[in-house]
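Okay, here's what each chain looks like letter by letter:
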Amino acid sequence: MKKTFLTSVSAAALLIAGPAYAQGVTTQAAESTVTQTGSGNVASVNQVGATGDTDSSVTQVGTDNLAGVTQGGDNNDATIRQTTEGFITTSEDPSNVASVDQQGEGGDLTIEQDGDNDAYATQTASSANSNGFVSQTGTDNIANYVQSGMGQSAVAIQIGRDNSVSIAQSGTGSGDGLPDTDGAAVWQTGRDNSASINQSGDGDLALTIQTGSDNIANVLQTGGGNSEITQTGDDNTAGVTQGGADTSVITQSLVDNVAYVDQNGGAMSTITQSTLLNAAGNEANVNQRGASTSTVGQIGRDNMAGVSQKGEGSTSTIYQGLAPNDTNPGYSVGIGRFSVTLATGGDRGNIANVTQNGGDENSSTILQRADGGLASVLQTGNSNTSEIGQGRTSGREAGDNSIAGVSQLGDNNYSLVAQTGGASTAYVTQNNDDNDSFVEQSGGGEAYVSQTATSNNFGTRTDRGTEAVRNNYSRVTQSSDAIASLSQSGELNLSTIDQSGGKAIAGVSQSGLFNESRVDQNAAATTYVTQAGAYGDNRSNVTQNAANALATVNQSADNSAPTWFPTNDSVIVQDSAAIAAVTQTGQQNYSSVSQQGGAAGAFASVNQTNTNLAGTEADMNKSYVTQNSDSDAYVTQIGEGNMSTLTQYEGSAGSLASIEQLGTDGYSLVNQFSGANTAYVRQTADSTGASSTITQGKADSTSNLNLASVVQSADATSTITQNGIGNQAFVDQSTNGVVSTITQTGTGNIASVNQ
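Residues numbered from 1 in each chain as written. Predicted model: local features only at pLDDT ≥ 70, side-chain atom pairs only at ≥ 80, totals over all residues. Heavy atoms only, no water.

What should I look at first to understand the overall build of the protein in this one?
Looking only at helices and strands, the protein features two helices and 60 strands. The buried share of the protein, reckoned over its 755 residues, is 52%. Carbon and sulfur atoms provide 51% of the accessible area of the protein, an area that totals close to 27,200 Å². (Helix = DSSP H or I, 4+ residues; strand = E, 2+ residues; numbered from the N terminus. Buried < 20%, exposed > 50% of the residue type's maximum accessible area, 1.4 Å probe, protein only. Areas by Shrake-Rupley, 256 points an atom, 1.4 Å probe, with all protein chains shown as cover.)

Okay, structure coming up:
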């Protein structure tokens, strides 16, 4: 056994030169050749005193051999070869041990072993520009390097089982890849391998390749180095810690890989992880500070990726379900100025977490395939960009039940979330300055967007009705049973929600300057819009293209806003059998409700209050309602200069129109083109100078049983026209200066005027 052999040989025999092997102190070049055949041999070469070029060659054929070489001076060359070829081992482990110690510049050492070998190489003190090479074949091999100085290189190759390599290099490299830069390379083939590289200096290079199972590779570089680790096998772990302008590349294949990267200052990290089909559990953790770049690619399911970046110009890209160089990335989706690419394969349950809170120009991209993905992004600073794509276009995993969360705090932020699966959820929070948010959910889902901008400088808004708004701007596109909730606070806000599936719900809350909301829904959808402008100019547009829809709009604005800023503007377009409710408070209120489709039975309620008591004609409340018959409409207007136009078209009979105007200069127009309709107009409470016109029935007098009732105050005018049979008209004008005109065509009609 190896332990038995090591205890039977004195350590001094390796390090102290004996008469048979040592070469004395000399100023001349030295050369030594030792050849041993058999078992239990010891070779020790000491060339410390030689100041010129020294060469040492030790060849041992057999088992349980020990070789040691010590050299001093420059341009040393040491070679140790230990092999068991042709020998029948008498112990379980044919344990050969080789040790080389070199001092000075330009040293070269080579150790070649087969069997159960140990190798130790030391190039220290004034050692510089030295090279070391170890090759081991067998089981339970150990290789150890210690190098000091600049321009060192160390290579270890191990083939077997349970191998371990430790390389430590020290010195100050140039950082430009010139010969004074240290370099270390490890190649291990087998199982249970462990490699550790410790380097100090600028521009150092570290390469680790492991093939097998249960491999562990650790690299620590200080001063700006480059590290590349490749692991293929099971249960691999790679950890890299770097300082300076560093580069780290980790590639892990097959089951249960873990990678850790910690970088400081202008670093770049790339991690690629793969698992077997239906296997789970890759994990990547990257922590970067400075102008950093991180790319993580994970293939499989239940993977976790965490990236934390602090500093200027950071970029993070995470691929889960596909590798960064995937040749079949899928298809592109996107809204506005940017787009992302979703993949066509992958597996479920991936988690990605990105934190960028160090400042300037951060960018994060997360792409997740398949079901159950979770993506979280936190960005704090300036010019942040986050893009998240979850799902795919084909395959058994469509991206259902995915969750994306984005929080951006700072300037000039942009976020895009694209989800293709059903029952997915997107959360977006943006605070301050020029934020844009786009959410696209093609399989149905929930989207929650909160935007706040408080600069109060009125920003830049090129043209109302375009998408070139650079303050808060949100667009949500959804299909099939979706929910969208948007909250905007600040100035120049714009919200667009497009829901193409049934049973959708949209909620919009806007507070600030120049709020604008657009909602477009199909099927039996619901919309809630609340706009409160601190200065004025709210606008809401709701389009619902199916029956049984509901739209509720509540708008209020500062009544001290200049009259050239319209306060509230609401447009609702619905099919029949829908419900619309509009409440507006401010000055220059405008409401338009159109409920026309293939079915009757719509309901509309409009309530407008003009708070500018000293207003002019430009401050009027204006309401337009258009419906099929068998519909109900209620309009209430309070303030100066009210105007209402209500039209209920021909169809089945039985519509109701109720108009109430409280204030001066009220104007009401009601047109009902079927039978059994009812119209109530009330213009009172100092509603002087009011005018009411009601027209009921068809011109051919085939519409019957209509009822019109008008109640007015002073200086009012009422005109009622009814066609058909059994119509009734009632006018109550309780003060002076009033005019009433009633025209009834047909039989059995009743007219009553009280002045």
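Would you mind going over the pattern of salt bridges with me for this structure?
Side-chain pairing between opposite charges can occur once the charged atoms of the two side chains come close. Applying the stated criterion across every chain yields a total of six salt bridges. Here Glu112 and Arg81 are joined by a salt bridge, their closest N and O atoms 3.4 Å apart. You can see Glu112 sitting in strand β7 (residues 108–114) and its partner Arg81 sitting in strand β5 (residues 77–83), a full 31 residues away along the chain. Its relative accessible area of 36% is what places Arg81 among the partly exposed residues. For Glu660, the salt bridge goes to Arg682, with nearest N and O atoms at 2.4 Å. On the criterion of sequence distance, the pair formed by Glu660 in strand β52 (residues 656–662) and Arg682 in strand β54 (residues 678–684) is long-range, its members being 22 residues apart. (Salt bridge = Lys/Arg side-chain N within 4 Å of Asp/Glu carboxyl O.)

I keep staring at a nonpolar patch on the surface and nothing clicks. Help me out?
Side chains of Met304, Ile351, Leu374, Ile403 and Tyr427 sit close together on the surface and give an oily, nonpolar patch of about 400 Å² of accessible area. By the secondary structure assignment, Leu374 is in strand β30 (residues 374–382). According to the relative accessible area criterion, Leu374 is partly exposed, its value standing at 34%. (Patch = residues over 30% accessible without salt bridge, like charges linked within 9 Å, V, L, I, M, F, W, Y side chains within 5 Å.)

When you look at unusual backbone geometry in this model, what are you seeing that I'm missing?
Working note: non-glycine residues mostly have negative phi, and peptide bonds are mostly trans. The phi torsion at Asn75 lies on the positive side, around 55 degrees, for a residue other than glycine. On the secondary structure map, Asn75 appears in the loop between β4 (66–71) and β5. Its identity as a non-glycine residue notwithstanding, Ser383 has a phi of 50 degrees, on the positive side. In this fold, Ser383 is placed in the loop between β30 and β31 (385–390).

Which parts of the structure should I look at to understand the environment of Gln320?
Looking at the secondary structure, you find Gln320 in strand β25 (residues 315–320). Looking at Gln320, the relative accessible area reads 0%, which means it is buried. Considering only alpha carbons, one finds Gln320 and Gln390, 70 residues apart in sequence, at a separation of 9.4 Å. Residues contacting Gln320, with those up to four places away along its chain left out, are Gln298, Asn303, Met304, Ala305, Asn350, Ile351, Ala352, Leu367, Gln368 and Arg369. Within the structure, Gln320 has its side chain in polar contact with the side chain of Gln298 (distance 2.8 Å). (Contact = heavy atoms within 4.5 Å. Polar contact = N/O pair within 3.5 Å; in protein donor to acceptor, adjacent residues only side chain to side chain.)

For this particular structure, what's the right way to read the side chain of Gln521?
For Gln521, the position within the fold is in strand β41 (residues 516–521). There is a polar contact of 2.6 Å between the side chain of Gln521 and the side chain of Gln499. The residues touching Gln521, leaving out its near neighbours within four places in the chain, are Gln499, Ala504, Ile505, Ala506, Thr526, Thr527, Thr543, Gln544 and Asn545.

Sorry if this is basic, but what is going on with a negative patch on the surface here?
A cluster of acidic residues, Glu31, Asp53, Asp55, Asp74, Asp77, Glu105 and Asp108, forms a negative patch at the surface. Topologically, Asp53 is positioned in the loop between β2 (42–47) and β3 (54–61). (Lys, Arg positive; Asp, Glu negative; His and termini not counted. Charge placed at Lys NZ, Arg CZ, Asp CG, Glu CD.)

I would appreciate a short explanation of the side chain of Gln158 in the present structure.
Secondary-structure assignment places Gln158 in strand β11 (residues 153–161). A distance of 2.8 Å separates a polar atom in the side chain of Gln158 from a polar atom in the side chain of Gln136. A polar contact of 2.9 Å, which involves the side chain of Gln158, links it to the side chain of Gln188.

Could you clarify how one ought to interpret the packing of aromatic side chains in this entry?
Within a pair of aromatic rings, the relevant descriptors are the distance that separates the centres and the angle that separates the planes. Within this structure, the stated rule accounts for six aromatic pairs. Taking the centre distance of 5.3 Å and the plane angle of 15 degrees together, the rings of Tyr427 and Tyr448 count as stacked. Here Tyr427 is found in strand β34 (residues 424–431), whereas its partner Tyr448 is found in strand β36 (residues 445–452), with 21 residues between them in sequence. By relative accessible area, which is 42% here, Tyr427 ends up partly exposed. Judged by centre distance (5.7 Å) and plane angle (50 degrees), the ring pair of Tyr590 and Tyr624 falls under tilted. You can see Tyr590 sitting in strand β47 (residues 590–595) and its partner Tyr624 sitting in strand β49 (residues 621–627), a full 34 residues away along the chain. Of the residues examined, Tyr590 reaches a relative accessible area of 28% and is grouped as partly exposed. (Phe/Tyr/Trp six-rings, centres within 6.5 Å; stacked < 30°, edge-to-face > 60°.)

Looking at this structure, how should I read the confidence of the model for the protein?
As a general rule, the predicted coordinates of low-pLDDT regions are not to be interpreted in detail. Across the protein, the average pLDDT comes to 81, with 81% of residues at or above 70. Low pLDDT, under 50, characterises residues 173–179; the predicted model gives this stretch 13 contacts beyond four residues in sequence or across chains. (pLDDT = per-residue confidence, 0-100.)

Mind showing me how you'd approach the environment of Val34 here?
Within the fold, Val34 resides in strand β1 (residues 30–37). C-alpha separation for the pair Val34 and Gln60, spaced 26 residues apart in sequence, amounts to 8.1 Å. Not counting residues within four places of it along the chain, the set of residues in contact with Val34 comprises Ala43, Val45, Ser57, Val58 and Thr59.

I tried to follow the pairing of strand β13 (residues 183–189) on my own but got confused; where do I start?
Side-chain positions along a regular strand alternate between the two faces of the sheet. With seven bridges joining them, β11 and β13 adopt parallel strand pairing. When the bridges of β13 are listed, Ala156 appears paired with Val186. Note that β13 and strand β15 (residues 205–213) share seven bridges and pair parallel. Along β15, the bridge assignment pairs Gln188 with Gln210. (Pairing = 2+ DSSP bridges.)

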